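What follows is the residue order along each chain.
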Amino acid sequence: MHRREGLAKLTGRERYVDDLPLDDFLWGATVRSPASRGRVTAVRFGRGIDWSQFVVVDSQDLPGPNEILLIERDQPVLAAGYVRHVHEPVLLLAHRDRVALRRAVAAVTIEVAPEPAALDFRVPPRPEQIQYGADNVLKHLRIEKGDVERALATAPVVVEGVYETGAQEHVYLEPQGMIAHMDGDVLVVRGSMQCPYYVVKALTHALNRDEQHVRVVQTPTGGGFGGKEEYPSTIALHAALLALKSGRPVKLVYDRTEDMAATTKRHPARVRHRTGVTRDGKLVAQDIEVVMDGGAYVTLSPVVLSRGIIHAAGPYACEHVRIDGRAMFTNAVPFGAFRGFGAPQTHFAGERHMDVVAHRLGIDPAELRRRNLLRDGERTATGQVVNDGTDRVAVLERALALADYDKKRAANKAGGTTRRGIGIATFHHGAGFTGSGEVMLSSRVDVAGLPDGRIEVLSANIEMGQGTITVFTALAAARLGLTPDDVVVAEADTARVPNSGPTVASRTSMVVGRLVERACDDLRRRVNTGGRGKGEGLKRAIMDWHRAHPGGRLVGSATYERPPGIAWDDHTYTGDAYGAFAWAAYIAEVEVDLRTYTTRVTDFVAVQEIGKVLHETFARGQVQGGVAQGIGWALLEDCKWQDGAMANAQLTNYLIPTTEDLPPIRVAFLENPYPHGAQGAKGLGELPIDGPAPAVLNAVADALGVEPTTIPLTPERLMEIAERGARNAEQRRQ
Amino acid sequence: MTVHQPGTLREALDLIAGKPEAVPVAGATDLLVHWPARVAEHDRDYVDLSRIAELKAIAFRNGELMLGALATYWDVIHAGRMKEGFPLLVAAARQVGAVQIQARGTWAGNIVNASPAADGVPVLMAYDAVVVLASRAGQEEVPLDRFYTGYKQTRRRPDQLVVAIRIPWRAHDVAVFEKVGGRRAQAIAKVGLAIAHSAAGWRVVAASVAPTVRRCTAIERLLTDGTPVRGPDDLHPAIERDVTPIDDLRSTAAYRKTVMARLLYDDLRGVCPAFS
Ligand SMILES: Cc1cc2nc3c(=O)[nH]c(=O)nc-3n(C[C@H](O)[C@H](O)[C@H](O)COP(=O)(O)OP(=O)(O)OC[C@H]3O[C@@H](n4cnc5c(N)ncnc54)[C@H](O)[C@@H]3O)c2cc1C
């Protein structure tokens, strides 16, 4: 099936928030903190500007609590006399002329009496840097299985390593933006977002309105990658405050620089591994310590940390595991949701470490993985018994065969000024919310029968390029025997659609798609089709129903139910962390230029078992896009920090891969249907970002005989490692 | 913002003679970068050169190549005889941005913008290009390797326009262009090199390793003298004399020096008997 909104996007006719027609509106803008921490001593409005023409909003203008409601309530909508990071919003301005507005923003001076900032999450804070709890720890979580210390004490070989990953910018094509206006006494906010009901929640809380007086509409969204999970609530609040104060529609759209500087990024992380193994490579103990940089407010860091530590031990069987995770407060621009949500960081460390272990033992990295991959009946770190019938070794074997691994591994690595290498990562990704998350969300989907016999799918899950509209159309059409043209997918407008949860966590197709199917079934029951259960018969039955109930609403509905036999204990962090995992083996081949230390990925194989492929083109697209994004994170994307803010907030100096920088990405799927996912599907959206970075670095390690531990592995960094390696070798010879 | 659109060079020179703060505009691919944020510059006068037919020409004559001030990268890539006569120009042009920028960006704009990381300047300098400047007072010619006086500083007076770039046509037995960017396309150079050898001698030009693109005269001397070079490290003393790279957002001084030495060594090893 073609992408439903594809033609509009292809021809440039799709209207994103910045393109929407709007009458008599004001542009909004944000004045931000210049300092990483301190008391605001003065806000000065420069001369030469007629400030009476501007709408000015500060923290005093909030009708409700000055809090962006998320997991915690620590983050203000607008700083109230105290700032905790550079670019923290302090003041909002609006004006009908955008250029005048830009001049005005530049003419405001925010003076801050600086206080000692915490800027390195890896070192314990000094007393004067402590700003959260007793130790700046935003969240501490721990997973424990067996007796790690004892197992390590008796392990024949113990291998240690420390791995670091950098922040990553989402670089969605469409920067963030919102429009707010009043419709009678209802506040309407439209914009680019992944989670309409998160925005509703944030608006009702801080603006002191009930849900009847707030309406949020998602506009066509040009990519999100998690960057539009929590941050849109902030922009929505800002636009709404300006609209409420001015009584006019307000449009607040970030340009690329502001978007890169002020919005969230992937959490930087440091992961320490201490691994006990037998001489033939069987894992006996994994002691893992994960530290993440949370930035200046809690935002989603506790759940990012949670997913990170749950994936940290990898898809391996090991009886003794301890994973200790901390998210640290720093005075950096807060970090947030990003595709993978903590797992890419811990998988990078785990998979890079597996190769370090393999090198130490003199075992081929593929063989080491074969010996340790989970077999059905074995338990993950949280004690979840994996019993899905997937042969994880077969996933690996398929990748090895496609990549011609054995031959490539044995081949001569040297060629003039280049060296070649090949590297593997085997990994997994749990789909849907962690632990009891899905139960707490209690998502609902409606499927309405329309008077003309068509059906309408109503959900709050949004299209951002990943294919939600098309996949929901296909699922509903298949379920009810209809053609795609008989299916309408409703705009995500909270005045119309039920809360089916956020469009995050690889849950849309698997979890919400399943609700679409069940809501379809419910619709069939309600029209009481008798023998005419599907297709044309169903359409006629729907039309008959409407004739019998003029003006009535015919709605089938489904609410999330926990699959049987799943249990999670949030207290001990044990049990079934996810309903299902997708499993993957990725293999990268690289060529390193010894003159410039640039690493080029020359081939990439991505094999994954995802339950069921719902749409071949989209699934491939998710994998290829994720691999591209992962290669960027591994080799190119380097956030340069200054006072906790990005110094290179431009696409000139923050480089993402072009097609020239990418290899052919060869994708293969294995299918083992998951009974509780739509048509057997498991989540796929995030999985592909977990594997590329370790696979690429393992390939570099193979090429050069060094052990790089940090990404991005820029040429500058690789030069240092390689030269150090060469110097050390020189010293050993002498 | 005021945009003037003179139809002739004469008009353009008259305009800027009266308004020394007026800004010439060619392809605007440098001028418009981050334009919305640069509100302070919106009030200035701009002189759009794009309608001046006299500045568009590319001509081969009297043993030289003459690039008009509006000649773009695209023009050079597609001009006849360019690949044989001036392969470095084609090589550099293909490395500038992507096709949209190649089609708009001009060589003259690249010169006057005076970025130390420019890609057009090193190859022009390696070919001994001469910048032809004109004002109401007359014409002046400045060899490109003497055009820059410091970071973003040039010998062009505000009342002067670049009208042409003259490049002598010589036979070269060595012609190498290297651009090391942060990625394989669409990137600003971290290290740039143009190496040429002809009857006029060695030319080695480096970009992104000093406040301006510049000739590396110590390296050139070493090549002319045939000083033996047994590895990249032997080039470091000359590199130290020629360039002064810094740590910045895009790279480090150490990386730039190392890479410069390795590329020079690797590129010259096959062609220069003193390199072993
Ligand atoms: C996306 C992008 C990618 C880019 N990639 C590269 C790259 O890879 N390599 C590279 O070197 N550059 C790159 N650039 C920079 C730019 O494209 C080049 O420097 C280009 O050659 C500038 O030419 P222009 O005609 O557009 O100059 P303009 O922007 O019109 O002018 C640049 C400067 O020169 C002055 N000027 C122009 N013409 C004259 C004249 N005849 N007389 C006097 N002064 C004049 C202007 O006043 C201005 O100061 C890139 C730019 C962008 C936006």
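Rules used in this analysis
- Residues numbered from 1 in each chain as written.
- Chains lettered and ligands numbered in written order.
- Predicted model: local features only at pLDDT ≥ 70, side-chain atom pairs only at ≥ 80, totals over all residues.
- Heavy atoms only, no water.
- Axes fitted to C-alpha atoms, helices over the stretch in contact; angles between N-to-C directions.
- Helix = DSSP H or I, 4+ residues; strand = E, 2+ residues; numbered from the N terminus.
- Parallel < 35°, antiparallel > 145°, perpendicular 65-115°, else oblique.
- Left-handed = near helix turned anticlockwise from the far one by under 90°.
- Contact = heavy atoms within 4.5 Å.
- Pairing = 2+ DSSP bridges.
- Buried < 20%, exposed > 50% of the residue type's maximum accessible area, 1.4 Å probe, protein only.
- Phe/Tyr/Trp six-rings, centres within 6.5 Å; stacked < 30°, edge-to-face > 60°.
- Lys, Arg positive; Asp, Glu negative; His and termini not counted.
- Salt bridge = Lys/Arg side-chain N within 4 Å of Asp/Glu carboxyl O.
- Domains from an automatic or database assignment.
- Buried area = accessible area lost by both parts, 1.4 Å probe.
- Polar contact = N/O pair within 3.5 Å; in protein donor to acceptor, adjacent residues only side chain to side chain.
- Nonpolar A, V, L, I, M, F, W, Y, C, P; charged D, E, K, R; others polar.

Turning our attention to the packing of helix α9 (residues 365-372) of chain A against helix α10 (residues 392-403) of chain A. Residues and elements named next belong to chain A. Relative orientation of the contacting elements α9 and α10 amounts to 160 degrees, with a least axis distance of 9 Å. The orientation of α9 relative to α10 falls into the category roughly antiparallel. The handedness of the crossing between α9 and α10 is left-handed. Contacts between α9 and α10 involve A366, R369 and R370 from the first element and V393, L396, E397 and L400 from the second.

To continue, consider the sheet that holds strand β13 (residues 269-277) of chain A. Pairing is mixed in the open sheet, where six strands are placed in the order β7-β15-β14-β13-β8-β29 (chain A). Of all strands in the sheet, those bounded by a partner on one side alone are β7 (137-145) and β29 (710-711) of chain A.

Take the environment of T380(A) next. Residues and elements named next belong to chain A. Assignment of secondary structure puts T380 in the loop between α9 and α10. For T380, a relative accessible area of 8% corresponds to the buried category. Between the C-alpha atom of T380 and that of H311, which follows or precedes it by 69 residues, the distance is 9.1 Å. Non-local contacts of T380, meaning those with residues more than four positions away in its chain, are made with K145, L374 and V386.

A few words now on the packing of aromatic side chains. Residue and element names in this part refer to chain B. For the coordinates displayed, the defined rule picks out 18 aromatic pairs over all chains. Look at F60 and F86: their rings are 6.4 Å apart centre to centre, the planes differ by 35 degrees, and that puts the pair in the tilted class. Taken as a pair, F60 in strand β4 (residues 58-61) and F86 in the loop between α3 (82-85) and α4 (87-94) lie far apart in primary sequence, 26 residues in all. Residue F60 shares its accessibility class with F86, and that shared class is buried. With a centroid separation of 5.3 Å and an interplanar angle of 90 degrees, the aromatic rings of F86 and Y127 are classed as edge-to-face. Here Y127 lies in the loop between α7 (120-126) and β6 (130-135) and F86 lies in the loop between α3 and α4, a separation of 41 residues in the sequence.

Another aspect to go through is the side chain of E14(A). Residues and elements named next belong to chain A. Structurally, E14 can be placed in the loop between α1 (6-10) and β1 (26-32). An unpaired buried charge is present at E14: no salt bridge exists, and K9, the closest side chain of opposite charge, is 4.7 Å distant. Ignoring anything within four residues of it in the chain, the contact list for E14 reads E5, A8, K9, D19 and P220.

Looking now at unusual backbone geometry. Excluding glycine, residues mostly have negative phi values, and the peptide bonds linking residues are mostly trans. That bond from I711(A) to P712(A) is cis: its omega, 5 degrees, falls within 30 degrees of zero. Assignment of secondary structure puts P712(A) in the loop between β29 and α19 (715-733). Even without being glycine, K152(B) reaches a positive phi, approximately 60 degrees. Looking at the element boundaries, K152(B) is found in the loop between β8 (148-150) and β9 (153-154). On the basis of relative accessible area, K152(B) is assigned to the partly exposed category, the value being 37%. In the Ramachandran plot, Q186(B) falls in the positive-phi region, its phi being about 55 degrees despite a non-glycine side chain. Within the element layout of this structure, Q186(B) appears in the loop between β11 (172-181) and β12 (189-198).

What follows concerns the sheet that holds strand β20 (residues 487-489) of chain A. Strand pairing in a sheet relies on backbone hydrogen bonds, with the paired strands running either antiparallel or parallel. Residue and element names in this part refer to chain A. Strands sit in the order β20-β19-β18-β21 across an open sheet of four strands; the sheet is mixed. At either end of the open sheet lies a strand with only one pairing partner, and these are β20 and β21 (554-559). When strand polarity is set aside, the average angle formed by the axes of neighbouring strands in this sheet is 20 degrees. The strands touched by helix α13 (residues 468-480) within the sheet are β19 (455-458) and β20, with β20 carrying the most contacts at an inclination of about 145 degrees.

Turning to the domain arrangement of chain A, a few remarks are in order. Residues and elements named next belong to chain A. Each assigned domain of chain A is listed with its residue range as follows: domain 1 (6-115 + 170-262), domain 2 (269-434 + 573-730) and domain 3 (443-559). Distance from the C-alpha centre of domain 2 to the C-alpha centre of domain 3: 37 Å. Taken together, the two surfaces of domain 2 and domain 3 that pack against each other cover about 1300 Å², and 68% of this comes from carbon and sulfur. Among the residues of domain 2 in contact with domain 3, F433, F618 and A678 are the three that bury the most area, contributing 32% of the side total. Run the count over domain 2 and domain 3 and you get zero salt bridges. Linking domain 2 with domain 3 are four residue pairs in polar contact (both at pLDDT 80 or more), by the criterion used here. Within the residue set of the side of domain 2 that touches domain 3, elements represented by two or more residues are β17 (418-431) and α16 (616-636). Taken together, the residues of the side of domain 2 that touches domain 3 break down into eight nonpolar, nine polar and three charged.

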